[in-house]
Protein chains: 2
Amino acid sequence: MDSVKINKEELLKFCVKAFEACGVNPADALDCADVLVAADARGIPSHGVARLQRYINGLQSGLMDPHVETEIIRETPVSLMVDARGALGAPVSCQTMNSLLDKAEKSGMAFGAVRNSNHYGIAGYYAMKALSRDMIGISMTNTAALGVPTFGKQVMFGTNPLAFAAPANREKAFVLDMSTTVVTRGKIEIYDRDKKSLKPGWAVDKDGLTVTDPGPLLDDMFHRRGGGIVPLGGDSETSGGHKGFGLAMMVDIMTGVLSGSAWGADIYDKGESSARVSHCFGAMKINLFMDALEFRHNMDKMLEDIRSMSPAAGHERVYFAGQKEFEAEALSLAEGVPLAGNVYQSLRKIGQELAVECP
Amino acid sequence: MDSVKINKEELLKFCVKAFEACGVNPADALDCADVLVAADARGIPSHGVARLQRYINGLQSGLMDPHVETEIIRETPVSLMVDARGALGAPVSCQTMNSLLDKAEKSGMAFGAVRNSNHYGIAGYYAMKALSRDMIGISMTNTAALGVPTFGKQVMFGTNPLAFAAPANREKAFVLDMSTTVVTRGKIEIYDRDKKSLKPGWAVDKDGLTVTDPGPLLDDMFHRRGGGIVPLGGDSETSGGHKGFGLAMMVDIMTGVLSGSAWGADIYDKGESSARVSHCFGAMKINLFMDALEFRHNMDKMLEDIRSMSPAAGHERVYFAGQKEFEAEALSLAEGVPLAGNVYQSLRKIGQELAVECP
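Figured I'd write up the structure that's included with this text. None of these values were measured; they are calculated from a predicted model. (Residues numbered from 1 in each chain as written. Chains lettered and ligands numbered in written order. Predicted model: local features only at pLDDT ≥ 70, side-chain atom pairs only at ≥ 80, totals over all residues. Heavy atoms only, no water.)

So, about the pairing of strand β6 (residues 162–167) of chain B. All names here are of chain B. Burial runs high along β6: 6 of the 6 residues are buried. Along β6, one buried face is formed by L162, F164 and A166 and the opposite face, lined by A163, A165 and P167, is buried too. Here strand β5 (residues 135–141) pairs with β6 via 4 bridges, running antiparallel. Note on β6: the bridge partner recorded for G137 is A165. Pairing between β6 and strand β7 (residues 173–178): 6 bridges, direction antiparallel. Looking at β7, one finds that P167 is bridged to A173. (Buried < 20%, exposed > 50% of the residue type's maximum accessible area, 1.4 Å probe, protein only. Helix = DSSP H or I, 4+ residues; strand = E, 2+ residues; numbered from the N terminus. Pairing = 2+ DSSP bridges.)

In structure tokens:
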């Protein structure tokens, strides 16, 4: 089936109703649905409604409990430590980030950590909540281990994404939202499906040596026999792999360790429990340092300088973090959110099963 | 001349006296000297006393004014915005970080920015000040532009280092201190001197194409004709160069833009002014989130798990960020700080000129 384009509001409504049909209350269902639809709208389909079926499976099997009460463990005017107790990732993350934004409004800045959570979608979604409030936003999460340290051969960290958002004025914003591994597992799977060789410097096998055949790698990873994806910077110090490894650990420290939860190789999908991932969020008022409008104007200058740079031979343009995603979002609002054919079919199937009309 | 090993205290005293001989007051001279000697002791000679001559040139030519009064522009219980007014980088950075640590002691966390500053040495030095106070420390700075954006051909950002330090108990600490470019200019210069080819994916020429001959590249960079070093992740999206570019911009936003100062291609050594670089520092109390001692114990577990991992075939060990530097420091304390022969000779020359006895 060919890809389709679905009106964003209708897609959102459908996802909300699907979550509600699984026992999620309306407010939480909106958070869960909005972060998935935002990913598709922003051109990040790997984190979009293609994951809806997994959420529904988790809710129906009881692995995800939509009624659990999250618990505030520690709280100060500048901080919040939350135990999600296995709750859905998006609602507890939205609540925590919103609370931190309110705290930062009064105190200037605030950071929070959430433990025992589940997948929270695109990291940038939460960081971007700071933009309309003249703040800088930060978001990170640890994830199931699939990354191998520089010079290692066993997994020790996840894709551990890091997001940073800073507002502009005429320009939309600078939104960095990056995994700290060189690629994601999803990319390896696509290369396997398409029978393509991996680029050298993406992954190592169970002996820690460069691997380009995705099939055996995925099999070894699935059975936890060793091998995995390498950090941003590749599989050696020569190209800075140790820096990417350091960034992945930094995210693990700010999420898993700082929240008193699991980290590193202890995070993997066990099946019988929540994902046990941890998140960290931050918000900082720009006017602690300078006038926020002046900052926004200066950000415009910075971003416009980059988008107007002459590109390298053979390339069309230079772009900054977030630019492509804002462009995709504008197109999605105008023309509908693009969904791959098989993803759309999975939504229709969900609609039938849950008796929710699919747009 | 062969390399030498110098007693750390004696090397420090010599550098302090050299700075004092150039009109720097004793407290500031100690800050300037300590960060240089710390770099050599920790195995980072590119940022060590090899730079002493440059500082002395700057002070003697009047480019760096040791008597300038820095100014606090904005201040809250959680923040500090400082105009260094062209002061030496190390003293204003030490004062700012120390003030932030005191603020964090009371408020839980604090961030500060410093503008119109000069080179501040190794970024990790300031982040590590948080370790003994049960805090997480952050430090970053922008630097003279030499980095080319993904798909670009003109420089737009510096090596823009980022440092993050988290304390442990039995283990020393996790200290990430990394440039956000794939390599530094110093490395390109070494390859040029040794007549070696650069690795593909380190730098691009003035057309934005991969370059491996360091000579013409350095010449083009010096004359600002285009070309430069690429971000961590290399010269394409395939290996994540756009992520490194995003990190470099994040550092530039948190330093140059947030402090209302210069950023991007506007930062270069003009000769007639200070380096006009900006820094950002942060400190966060661990007990906002969990008991600090428990955190330190958990960090021990994390770091010991990594250092005891089986290495990849052909490698001796897996290590974490900061480990090699702490090992170098222990060796420097036991056996003396290692200095290359030509660096030691430059110190002797400085000693003769300033009438300060060289150890």
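Alright, that's what it looks like, and here's the rest.
On to the interface of chain B and chain A, then. On the side of chain A, 84 residues touch chain B, which itself brings 84 residues to the contact. Roughly 6800 Å² is buried in total at the junction of chain B and chain A, and carbon and sulfur atoms are behind 76% of that figure. The tally of links between chain B and chain A comes to 16 residue pairs in polar contact (both at pLDDT 80 or more). Of all the secondary structure elements, the ones that give two or more residues to the side of chain B that touches chain A are β2 (71–76), β3 (79–83), β4 (109–117), β6, β7, α8 (241–257) and α9 (292–307) of chain B. Partitioned by chemical class, the residues of the side of chain B that touches chain A number 49 nonpolar, 23 polar and 12 charged. (Contact = heavy atoms within 4.5 Å. Buried area = accessible area lost by both parts, 1.4 Å probe. Polar contact = N/O pair within 3.5 Å; in protein donor to acceptor, adjacent residues only side chain to side chain. Nonpolar A, V, L, I, M, F, W, Y, C, P; charged D, E, K, R; others polar.)

For any two helices packed against each other, the geometry comes down to the angle between their axes and how far apart the axes lie. All names here are of chain B. At a minimum axis separation of 8 Å, helix α2 (residues 26–41) and helix α4 (residues 89–107) run at an interaxial angle of 100 degrees. What the angle tells us is that α2 and α4 run roughly perpendicular. Facing D28, D31, C32 and V35 of α2, the residues of α4 in contact are A90, P91, C94 and Q95. When its residues are assigned to classes, the contact of α2 with α4 shows 5 nonpolar, 1 polar and 2 charged. (Axes fitted to C-alpha atoms, helices over the stretch in contact; angles between N-to-C directions. Parallel < 35°, antiparallel > 145°, perpendicular 65-115°, else oblique.)

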